[in-house]
Structure formats: C-alpha cells, structure tokens
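Here's the letter readout for the chains.
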Amino acid sequence: MPPLTICVMSRKGGTGKTTNALNLAGSFVNDGLRVACLDLDGQGSLSRCLLGPARVESMHPANTTAGLFDPKYDPTPDDLIQPTRFDRLFVVPSSDALETFNRPSPAEAGEAQFVIRRFLDEAANRIDLAVIDTGPNTSGLLGWAALAASDFVLTPILPDPFGSHAIIHVQRLVEESQVKVNPKLRIAGYLLNMVQKNAVQQAYEQTLRQIHGGQVFTTVVPLLAPYREAIAERAPVTLLKPKVKASKVVKAVAEELEARITAAIGTTKKEVA
Ligand SMILES: Nc1ncnc2c1ncn2[C@@H]1O[C@H](COP(=O)(O)OP(=O)(O)OP(=O)(O)O)[C@@H](O)[C@H]1O
Ligand SMILES: [Mg+2]
C-alpha cells in the first residue's frame, strides 16, 4: 500500500503552503510516523529549509523530484529520499531543473502524470506518510502529477477576498483530477493561515464559512512569529520547540486533519501506516 499522501496546494503564492507542509510533517513525526516531504516547487523553499541551500544547489537533478520527470533518469527511492537532521523526517528535494517539466495540458502528458504515484508505490516500505508541497503555478504537470498521487488536498488561504479565487481553482483541479486520473482524491479542507483578529478578517472568515461550510477548518492558524523563527533555524516548529503555543496550533490542525481523514476514509493515518 502506498503511504497516505497529502498535497498542500493553492494557486495563490505566499499563503503558507510550505510552512504548513513543513510544520504538519513535523507534527506527524512527533506522532511516531516516518514522513517524507516531497518538494514539487522549483523554488525549493522546503528543500532549502530542511537540507540547507548549499546542499540543494549542489544536488544532481537525478536525486531530486526533477529526476522523476526527466526521461534521462530512472531514480529509485534510495536515490531520492534524503534523511534530515530529524529522525523519521525525510525530504525528496526539488531542483532548479524542475520548472522545465511544468508543461501545460498535463492531462495529455502520458506516463509523466503518474511518476509521483509510481515513486510513492515504490517507497511504500520506507515511509508512512507523504506531504507534497506544490508551487503557486498549479495548472501545469507538477501540480497535476501531485494530485494524481494524493489522497487528500489541503489548501491554506489568507483571510482576504483574494483567498476565494484560490479555492475555486483548487476545486476545479480536484474535480478534473477525480474524473481523469484519481477518483479517490478528496479535499481535506481549507485552512485559514496568518490570521490576525481584526474586523475585516473576521468578516471575511465568516463569509468564507457561510459559503464553504465544513470544508473550512475549524482551527485557524494565527500569524505566529515562531513559525518564521523555526524556518530561520531550518526546522519545523513542531520538532524544534514542540511545547510552545505555535506547535500546539500545528497539533490542533494535525488532529483536525486526522479526524477529517478518518471521517472520509474510515481509517486513521496511523492505521494506514
Ligand atoms: N502562520 C504564520 N505565521 C507567521 N508567518 C507565516 C505563517 N505562515 C507563513 N508564514 C510566513 O509567510 C511567508 C510565506 O509562507 P510560505 O513560504 O509558507 O508560503 P507559500 O504558500 O509556500 O509560498 P509560495 O507560493 O511562494 O510557495 C514565509 O515567510 C513564512 O515564514
Ligand atoms: Mg512554498
């Protein structure tokens, strides 16, 4: 059985995809799972955070997610899965070469649509859970291949009027993926991120909940300085400082995500593992 796979996706940039992918991965590691972060964003923020910029820049493309898309290479899980300084946390890094594979009309890309799914099948005995971080350009092959390989999609949104555009786009993509390549794909929910308690944001949050109901996570993620501090120290806050309030917020999100997974597929991520 391939690992349970969660794709973090939004068409909008800077909504906290990488930050939440990283912190959630750390929370699942704290639960005892072996977690792989797959970096499908050519910017490589997640890879740089976990491995350091110098290591990522010196990496051969065959040892990165680009190697999965490049027909020149046929990398094995051993070639791709890199340990981090944290037990049970792994990363499959991206490289600058990745963006060249983000071709349009991905549903016509043949076998390339399924390279992530195939990799996860092959990595089944190495990891329990995969978290895929995607870039803001979601309409090409990279986002499509991520969805083809995923069980759930999590979309961080900012509490502002532009956030709903990101939701509509993800909904359309998920529906298309369900029809064409991945009928088991589900939306885990929309996660309000960088929330500050001012009147404008509160009004917007209320509207969002009226429109999207239970698809919006009950838990919201405030603007929390420790998230940024942890990234500066190249770590998920949940592994760097598991007891601080910021880590408790991540844990609450992880628990809600797990409850949503259980409600949707009748099993917890631990049982899947
Ligand atoms: N809840 C939060 N509290 C404080 N800072 C946050 C929070 N979420 C994200 N950030 C910060 O906001 C910035 C953007 O976050 P991040 O890089 O995770 O977004 P992204 O959606 O992955 O961006 P991109 O679309 O470029 O990949 C980063 O500097 C990050 O540290
Ligand atoms: Mg990012």
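The following paragraphs examine the structure supplied in this document. (Residues numbered from 1 in each chain as written. Chains lettered and ligands numbered in written order. Predicted model: local features only at pLDDT ≥ 70, side-chain atom pairs only at ≥ 80, totals over all residues.)

1. A word on the site of ligand 1
Close to ligand 1 lie 20 residues; Gly13, Gly16, Lys17, Thr18 and Thr19 are nearest. Within the residue set of the shell around ligand 1, elements represented by two or more residues are α1 (17–30), β7 (186–195) and α10 (225–232). Taken together, the residues of the shell around ligand 1 break down into seven nonpolar, ten polar and three charged. (Near = placed C-beta within 6 Å. Helix = DSSP H or I, 4+ residues; strand = E, 2+ residues; numbered from the N terminus. Nonpolar A, V, L, I, M, F, W, Y, C, P; charged D, E, K, R; others polar.)

2. Section: the environment of Lys72
Residue placement: Lys72 occurs in the loop between α4 (65–69) and α5 (77–80). Residue classification places Lys72 among the exposed residues on the basis of 7 C-beta atoms within 10 Å. In this structure, the C-alpha to C-alpha distance between Lys72 and Val179, residues 107 residues apart in sequence, is 30 Å. (Buried ≥ 20, exposed ≤ 12 C-beta atoms within 10 Å, placed from the backbone.)

3. Quick word on the packing of α1 against helix α12 (residues 245–265)
Relative orientation and spacing of two packed helices are given, respectively, by the angle between their axes and the distance between those axes. Viewed as axis vectors pointing N to C, α1 and α12 meet at an angle of 80 degrees, and their least axial separation amounts to 9 Å. Judged by the inter-axis angle, α1 sits roughly perpendicular to α12. Contacts between α1 and α12 involve Asn23, Leu24, Ser27 and Phe28 from the first element and Val250, Lys251, Val253 and Ala254 from the second. Its residues assigned to classes, the contact of α1 with α12 shows five nonpolar, two polar and one charged. (Axes fitted to C-alpha atoms, helices over the stretch in contact; angles between N-to-C directions. Parallel < 35°, antiparallel > 145°, perpendicular 65-115°, else oblique. Contact = placed C-beta atoms within 7 Å.)

4. Comments concerning the nonpolar core
Val35, Ala36, Cys37 and Val131 are the most contacted members of the largest nonpolar core, which has 85 residues in total. With residues near it in sequence (within four places) discarded, Ala36 still touches Ile81, Phe90, Val91, Val92, Ala123, Ile127 and Ala130. (Core = buried A, V, L, I, M, F, W, Y, C linked by C-beta atoms within 7 Å.)

5. Points about helix α7 (residues 141–148)
Where burial is concerned, most of α7 is hidden: eight out of the eight residues are buried. Here α7 has its buried residues at Leu141, Leu142, Gly143, Trp144, Ala145, Ala146, Leu147 and Ala148.

6. Examining the sheet that holds β7
In spatial order, the strands read β3-β4-β2-β5-β1-β6-β7-β8; together these eight strands make up an open sheet with mixed pairing. The sheet is open, and its two edges are formed by β3 (82–83) and β8 (221–222), each paired on a single side. The sheet contact formed by β3 and strand β4 (residues 89–92) spans two bridges and is antiparallel. For Pro83, the partnering residue across the bridge sits in β4 and is Phe90. Sheet strands touched by α12: β6 (152–157), β7 and β8. Its angle to β7, the strand with the most contacts, is close to 165 degrees. (Pairing = 2+ DSSP bridges.)

7. Section: the pairing of strand β2 (residues 35–40)
Taken across its six residues, β2 has six buried, putting it largely inside the fold. Every second residue of β2 is oriented toward a common face, with Val35, Cys37 and Asp39 on one face and Ala36, Leu38 and Leu40 on the other, all of them buried. Of the strand pairs in this sheet, β2 and β4 are connected by four bridges, and their pairing is parallel. Looking across to β4, one finds that Leu38 is bridged to Val92.

8. Re unusual backbone geometry
Unusually for a residue other than glycine, Ser105 sits at a positive phi of about 45 degrees. For Arg234, which is not a glycine, the phi torsion comes out positive at approximately 60 degrees. With respect to the element layout, Arg234 can be found in the loop between α10 and α11 (237–240). According to the C-beta neighbour criterion, Arg234 is partly exposed, with 16 such atoms within 10 Å.

9. Description of α12
In this model, α12 (21 residues) spans 30 Å end to end at C-alpha, consistent with the 30 Å of a helix rising 1.5 Å per residue. For α12, the complete set of buried residues consists of Ala246, Ser247, Val249, Val250, Val253, Ala254, Leu257 and Ile261. Burial along α12 is one-sided: seen end-on, the buried residues are contained in an arc of 155 degrees. Exposed positions of α12 whose direction lies more than 90 degrees from the buried face are Lys245, Ala259 and Ala263. (Expected span 1.5 Å × (residues − 1). Arc of directions from axis to C-beta.)

10. Topic: the pairing of β4
Along β4, one buried face is formed by Leu89 and Val91 and the opposite face, lined by Phe90 and Val92, is buried too. Between β3 and β4, which pair antiparallel and follow one another directly, the connecting turn spans five residues, one of which, Arg88, has a positive phi of 70 degrees.

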